[in-house]
Amino acid sequence: MSDSSLAHLLPLPPVWFHLLLALTNQERHGYALMQDVAAQSGGTVALGPGTLYGALKRLLALKLVEESDRRPDPDLDDQRRRYYGLTALGRRALAAEAARHASLVQLARTKRVLPRPRPA
Amino acid sequence: MRPGRAAPYRAARLLLTLYPRAFRRAFATDMLEVFGDAWHGSGKGLRGLATRFRLLSDLIRGAVAQHLERPVPAVTRSGAFTTHSRLTMRDLLAEFRHAVRSLARTPGFTLAVVLTLGLGIGANTAIFSVVDGVLLRPAPFQDMSRLSMVWETDRRSGTLREPASIPDYFDFQERSRRFEQLAAFSPITTTLSFGAGDAVRVPGLWVTHEFLPMVGIRPIVGSTFTADQDRPDGPHVALISEAMWTERFARNPSAVGATIRVNEDPFTIVGVLPATADFGTLQILGVAAYRRGFADQTSRARVDVWLPLQADRSPDSRGNHPIFVAGRLAPGVGVSQAQQEMTAITAELERLYHQSNDQRGAHVEALSDVVFGGVRPALLVLVGAVALVLLVACANVANLLLARGAARAREVSVRGALGASAARLTRLFLIESAVLTAAGAAVGLLLALAGLQALLALAPGSIPRVGTVGVDARVLGVTVTLGVLISVTFGMVPAIQARRRGPSLALQSDSGRGASAGREQRRFRSALVVAELALAVILMIGSGLLIKSLWRLYQVDPGFQTSGVLKADFQLPGSRYPQPRSTWPKWPEMRRFALEVRRRVAALPGVTAVAMANAHPLEAGYTSSILVVGRDPDPTNWPEPSIRIVDAGYMATMQVPLIAGRPMTDADDLEAPPVVSINQAARRAYFGAADPLGQRIQLWGSDRLVVGVLADERMHGLAEAAPPAVYLPASQAPLPNGSILVRVAGEPTALAAGLRSVVRAVDPDVPLFGVEPLATTLSHSTGQRRFTMLVLGSFAGVALLLAMIGVHGVLSYTVAQRTREIGIRMALGADRRSVRSLVLGQGARMVMAGLGIGVVGAFAGARWLGSLLYGVAPRDPLTFGAVALALGVVALVASWLPARRAMRVEPSEALRTE
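Quantities reported herein were computed from a predicted structural model and do not represent experimental measurements. (Residues numbered from 1 in each chain as written. Chains lettered and ligands numbered in written order. Predicted model: local features only at pLDDT ≥ 70, side-chain atom pairs only at ≥ 80, totals over all residues. Heavy atoms only, no water.)

Draft legend 1. A look at the overall build of chain B. Tallying secondary structure elements over chain B gives 28 helices and 23 strands in all. Looking at the 914 residues of chain B, the share that counts as buried comes to 50%. Within chain B, contacts between residues separated by at least 24 positions form 80% of all contacts whose residues are at least 6 apart in sequence. Only carbon and sulfur atoms are counted for the fraction: they give 59% of the accessible area of chain B, which is about 40400 Å². (Helix = DSSP H or I, 4+ residues; strand = E, 2+ residues; numbered from the N terminus. Buried < 20%, exposed > 50% of the residue type's maximum accessible area, 1.4 Å probe, protein only. Contact = heavy atoms within 4.5 Å. Areas by Shrake-Rupley, 256 points an atom, 1.4 Å probe, with all protein chains shown as cover.)

Here's what the structure looks like:
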């Protein structure tokens, strides 16, 4: 799939961005996902069950996220729970959005809106 | 963690039902799990609570979002479409927040609209709930339209609602074809005791066995009386009320068959009647000419016991009228036909039993007229009033919305020019209106609940079934819908106007000034205010008339002094105070009781006078026919005065003036010759101009000497003239029951405990009841009038307030609109005072117009108040004048601020283009 198919997905709403980010390199089920998103956003994105699954439904429909076949560590596993993981498209969309943010940050640095990173 | 049955899970499950089915099928289980984990992981204290609250609200938000979302389009569609759909919920929330912020920026306007809507919705809902609960709800009686009262009438005294005699009742039953069923009842007040001691005085009804089945009341447990139980020598059986069953038997069905003591005799309970069983009793007894029993006493009496009438059909009791007769019309028979038949029957009885039935006829009256007739006019007046208030509120809201809309016309055009779609603009105003209406409805609901509580607390007991009135959801729905319609219509007008006008025009001049649409709008708004003022005037005049009526009523001299008097009613049990007919009036135990109580009470601190009487002065008591010795009684007008048995202390306690002759004292005892006193009404009626002193009156078997004439006492309430009355000394006619009246130097209620302990010391088994200051009894008698006056008065106040807001609003708007014009005038030399007069003049014109229309309307409609007024003509000029003055003053105040603002306009600033 080409980048043009990603264009219509961007910009990603913050909630989706955080969900996709939390699912990077791991599969998660509902509650853990909720906690991860809360932690990594520093509390600014606080999901509840309603909004979480509302977002997941859309992500599933857009094929950015899929239900996972694999299960993590059996000790942590719970048969009833559904685990979610990134699809390839999801991974690429996440990367594209991060890149978009990066270029915006670069622009802001050029204009001295954001401080340039000091050389170490 | 397993989702269990605990409360949070139940709540979550409930909220999950809000989601679309497909979504639930896919995610419900998981959501419940996540919810459970999050709930239990949410920590302690305030933060924990906040987290939990957010969890619950998140569930609701999610549900709303799911319902608002458009279906996910295919991936190949254009970006804009996708973006739009996934932002819908956020968009709406943003617009909602924007609307709230915009409303918050004009707090005066927002508050005014919300309060106005709230008042209109709240008042309406409260009053309609009362009207529905009292008048419109189906009655607990079966097919009440077929039930009627069969009163007897007395052509001599002209009374139309008299009780009947027992032989008459049996004759009615036998002879009538047009009634398919007749039954009788009679009020009593009796002492019930359950087990040891613990006696309580309750209202009761004697009923024939047909009565309850006839009206359609079925017992909750047990059964009603059988014909066998209704024989003159029948068994001692009783029915009790649901309330008594709950209180005393904890709703245990074993109450049926239990024994209670009625006036010391054992009775067996055969059934329990539901709370609605005494429907209409108070109202029926209240309109009866006499024998009202407990209907006379303090309001909200509840019938607690029913006893079989066990009528004795002895022929000598035809001259005695102890029972009320009611009947169910035969199918196809109307009230007038039944009346014709009863008139014929009573005419026949008159012919057969001339002694007892002379001048007695019948009066058939539909039961619903009797029960509701007293309150229907008042309630309907209130309904009219509240509808007027609603109109005023709607007009005010419309006015406020139009004003705001006009002020924002520029803003609307700018938005339009910047690219906001028509739909977006409409949505903006819709959301604002929705927020306002929702807030108004919330305030309205609160006001309705509070208002209803207040109404029910103030409502006199004479309003039927007032205890079971609740908020009517239907009415709330209707009024909220009305509010929504108004808000949406008048809120949308500016959006539509701006679109039609086009952005350029609005952007040039300041908000519609000079544009003809603006002037039109201004006139419309002024017309609205004039209408509001007129409606307020009508309400004010109505309540002014009622206030004056009440004031007039309070001016009436009742003939006795109620303030500072404590009243207590008593009943002596027949077992210890025998009342053998053969030895009357020599009943020494009763006399001893009376003397002992009087002695001890007089010794209590603060007591200045004490008396005992067979009825307190606000009780109608009973009547008896007399004969004036030496005068042939006028056969068309046999004397039947009210009989008052009073002891020597009565005149001092009640401060009834002596007009002629001497007061009766303890010296007028059983050894002395029998004496009576009469009141002025009796003197006028029976003696005319002649001197009654020294004449004799034959009553209860002896000739009694008239020794005194007392001033009239208004025993039938303030609004009715005093009936003729004959007073007997208690020392010559002992009191088995009656009232103790104590005049106290200080606050009457302070003596209640002392009085109770005195009576208890004399005889611990004599209960005292109805212990209250006589002033309270008096105020209860005017309860209904006061109630109507208070409610109408509050409505008038609300309407006036709203109208004034309207006046202020229009004038402020005018000043704002015409700032430039005012500036020009000032620049051209007009002084500030003439500018002020300009504004005040506009205000005055609106007020005059409103006053004029309102007065005309009040003139036309005042007669509807007719039955509620006392001593005041419906077109009382003083009231009309006072209202006009009040309106003028208040309008002046409302116009003052805008006028001052106009005065303060600086011409230089005003002339600068905005």
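Still more ground to cover, so stick around.
Draft legend 2. Highlighting the overall build of chain A. In terms of helices and strands, chain A carries five helices and three strands. Helices (α) and strands (β) of chain A occur, in sequence order from the N terminus, as α-α-β-α-α-β-β-α. Buried positions account for 41% of the 120 residues belonging to chain A. Taking as baseline every contact in chain A between residues at least 6 positions apart, the subset at least 24 positions apart corresponds to 53%. With the model as given, the accessible surface of chain A reaches about 6800 Å², and the carbon-plus-sulfur share is 55%.

Draft legend 3. Layout of the environment of Leu-103 of chain B. Residue and element names in this part refer to chain B. Structurally, the position occupied by Leu-103 is in helix α4 (residues 79–105). As a C-alpha pair, Leu-103 and Leu-436 span 333 residues in sequence and 8.6 Å in three-dimensional space. Setting aside chain neighbours within four positions, we find Leu-103 in contact with Phe-109, Thr-110, Arg-404, Glu-432, Val-435 and Leu-436.

Draft legend 4. Region of interest: the pairing of strand β3 (residues 83–86) of chain A. Residues and elements named next belong to chain A. Neither face of β3 is left uncovered, since the one carrying Tyr-83 and Gly-85 and the one carrying Tyr-84 and Leu-86 both have all their residues buried. In the sheet, strand β1 (residues 28–29) pairs with β3 via two bridges, with the strands oriented antiparallel. Looking at β3, one finds that Arg-28 is bridged to Tyr-84. Both strand β2 (residues 65–67) and β3 contribute to a ladder of three bridges, which runs antiparallel. (Pairing = 2+ DSSP bridges.)

Draft legend 5. Inspection of the pattern of salt bridges at higher detail. All names here are of chain B. Within the structure shown, the criterion is met by 26 salt bridges over all chains. Residues Glu-348 and Arg-351 are paired through a salt bridge, measuring 2.8 Å at the closest nitrogen-oxygen approach. Of this pair, Glu-348 and Arg-351 both sit in helix α10 (residues 335–352), separated by three residues, roughly a single helical turn. Arg-598 is the partner of Asp-647 in a salt bridge, and the nearest nitrogen-oxygen pair spans 3.4 Å. (Salt bridge = Lys/Arg side-chain N within 4 Å of Asp/Glu carboxyl O.)

Draft legend 6. Layout of the sheet that holds β1 of chain A. Across the sheet, three strands lie side by side as β1-β3-β2 (chain A); this open sheet has antiparallel pairing. Two strands in the sheet have a free side with no partner beyond their single neighbour: β1 and β2 of chain A.

Draft legend 7. Quick look at the confidence of the model for chain B. All names here are of chain B. For chain B, per-residue confidence averages 82 on the pLDDT scale, and 91% of positions sit at 70 or higher. Here helix α17 (residues 503–508) stands out as the element of chain B with the lowest mean pLDDT, 51, in contrast to strand β10 (residues 324–329), whose mean of 95 is the highest. Low pLDDT, under 50, characterises residues 72–87; the predicted model gives this stretch 20 contacts beyond four residues in sequence or across chains. Confidence drops under pLDDT 50 across residues 509–516; counting only partners more than four residues distant or on other chains, this segment forms 11 contacts. As scored by the predictor, the complex reaches a pTM of 0.58 and an ipTM of 0.84. (pLDDT = per-residue confidence, 0-100.)

Draft legend 8. Representation of the nonpolar core. Membership of the largest hydrophobic core comes to 107 residues, with the highest contact counts inside it found for Ile-127, Met-149, Phe-185, Trp-306, Leu-533 and Leu-887 of chain B. Per-element tally for this core: the top contributor is helix α24 (residues 783–817) of chain B, with 15 residues. Contacts of Leu-887 of chain B, omitting those with residues within four sequence positions, involve Leu-533, Val-537, Met-540, Leu-800, Met-804, Val-847 and Leu-851 of chain B. The next biggest cluster of nonpolar side chains, apart from the first, holds 45 residues, and it includes Leu-6 and Tyr-84 of chain A together with Ala-38 and Trp-39 of chain B. (Core = buried A, V, L, I, M, F, W, Y, C linked by side-chain atoms within 4.5 Å.)

Draft legend 9. Local environment of the packing of helix α5 (residues 107–136) of chain B against helix α13 (residues 376–407) of chain B. Residues and elements named next belong to chain B. As a packed pair, α5 and α13 sit with axes 9 Å apart at the nearest point and diverge in direction by 160 degrees. Overall, the two elements α5 and α13 adopt an arrangement that is roughly antiparallel. For the pair α5 and α13, the crossing hand works out as left-handed. Considering only residue class, the contact of α5 with α13 consists of 21 nonpolar, four polar and two charged. (Axes fitted to C-alpha atoms, helices over the stretch in contact; angles between N-to-C directions. Parallel < 35°, antiparallel > 145°, perpendicular 65-115°, else oblique. Left-handed = near helix turned anticlockwise from the far one by under 90°. Nonpolar A, V, L, I, M, F, W, Y, C, P; charged D, E, K, R; others polar.)

Draft legend 10. Spatial organisation of the packing of aromatic side chains. Residues and elements named next belong to chain B. The tally for this structure, following the rule as stated, stands at 16 aromatic pairs over all chains. A ring pair is formed by Phe-35 and Trp-39, whose centres lie 5.4 Å apart and whose planes are at 35 degrees; its orientation type is tilted. Placement of both Phe-35 and Trp-39 in helix α2 (residues 21–40) is noted, with a separation of four residues, approximately one turn of the helix. Under the relative-accessibility criterion, Phe-35 is labelled buried at 1%. Judged by relative accessible area, which is 15%, Trp-39 ranks as buried. On the numbers, 6.1 Å between centres and 75 degrees between planes, the contact of Phe-194 with Phe-249 is edge-to-face. (Phe/Tyr/Trp six-rings, centres within 6.5 Å; stacked < 30°, edge-to-face > 60°.)

Draft legend 11. Expanded view of the pairing of strand β6 (residues 237–241) of chain B. Of all five residues in β6 of chain B, five are buried, a share of seventy percent or more. Side chains Val-237, Leu-239 and Ser-241 of chain B of β6 of chain B all project onto a buried face; the interleaved residues Ala-238 and Ile-240 of chain B project onto the opposite face, where all are buried too.

Draft legend 12. Focus on the environment of Arg-522 of chain B. Residue and element names in this part refer to chain B. With respect to the element layout, Arg-522 can be found in helix α18 (residues 516–555). With relative accessibility at 22%, the residue Arg-522 sits in the partly exposed group. Counting along the chain gives 292 residues from Arg-522 to Thr-814, while the straight-line C-alpha distance between them is 7.9 Å. Those residues in contact with Arg-522, other than ones at most four positions away along the chain, are Tyr-813, Thr-814, Gln-817 and Arg-818.

Draft legend 13. Inspection of the side chain of Arg-328 of chain B at higher detail. Residue and element names in this part refer to chain B. Looking at the secondary structure, you find Arg-328 in strand β10. Buried charge without a salt bridge: Arg-328, with Glu-180 as the nearest opposite-charge side chain at an N-O distance of 4.3 Å. At 2.8 Å, the side chain of Arg-328 and the backbone oxygen of Met-214 are in polar contact. Filtering out sequence-adjacent residues up to four positions away, Arg-328 remains in contact with Gln-142, Asp-143, Arg-146, Leu-147, Phe-179, Glu-180, Gln-181, Met-214 and Val-215. (Lys, Arg positive; Asp, Glu negative; His and termini not counted. Polar contact = N/O pair within 3.5 Å; in protein donor to acceptor, adjacent residues only side chain to side chain.)

Draft legend 14. Here's a closer look at the packing of α13 of chain B against α24 of chain B. Residues and elements named next belong to chain B. Put simply, α13 and α24 touch, their axes get as near as 10 Å, and they point 15 degrees apart. On the basis of their axis angle, the class for α13 and α24 is roughly parallel. Judged by the sense of rotation from one axis to the other, the crossing of α13 with α24 is left-handed.

Draft legend 15. Fine view of a nonpolar patch on the surface. Residues Val-105, Val-113 and Leu-114 of chain A make up a contiguous nonpolar surface patch of about 230 Å² in total accessible area. With respect to the secondary-structure elements, Leu-114 of chain A resides in the segment after α5 (88–110). (Patch = residues over 30% accessible without salt bridge, like charges linked within 9 Å, V, L, I, M, F, W, Y side chains within 5 Å.)

Draft legend 16. Representation of α13 of chain B in the model. When the terminal C-alpha atoms of α13 of chain B are compared, their 46 Å separation across 32 residues agrees well with the 46 Å that a helix rising 1.5 Å per residue should span. Of all the 32 residues making up α13 of chain B, 25 are buried; the element is thus mostly covered by neighbouring parts of the structure. (Expected span 1.5 Å × (residues − 1).)

Draft legend 17. Quick look at unusual backbone geometry. Residues and elements named next belong to chain B. A positive phi angle is found at Ala-250, which is not glycine, with a value near 50 degrees. If you trace the backbone, Ala-250 turns up in the loop between α8 (242–249) and β7 (259–262). According to the relative accessible area criterion, Ala-250 is exposed, its value standing at 65%. The residue Asn-263 is not glycine, and still its phi comes out positive at about 50 degrees.

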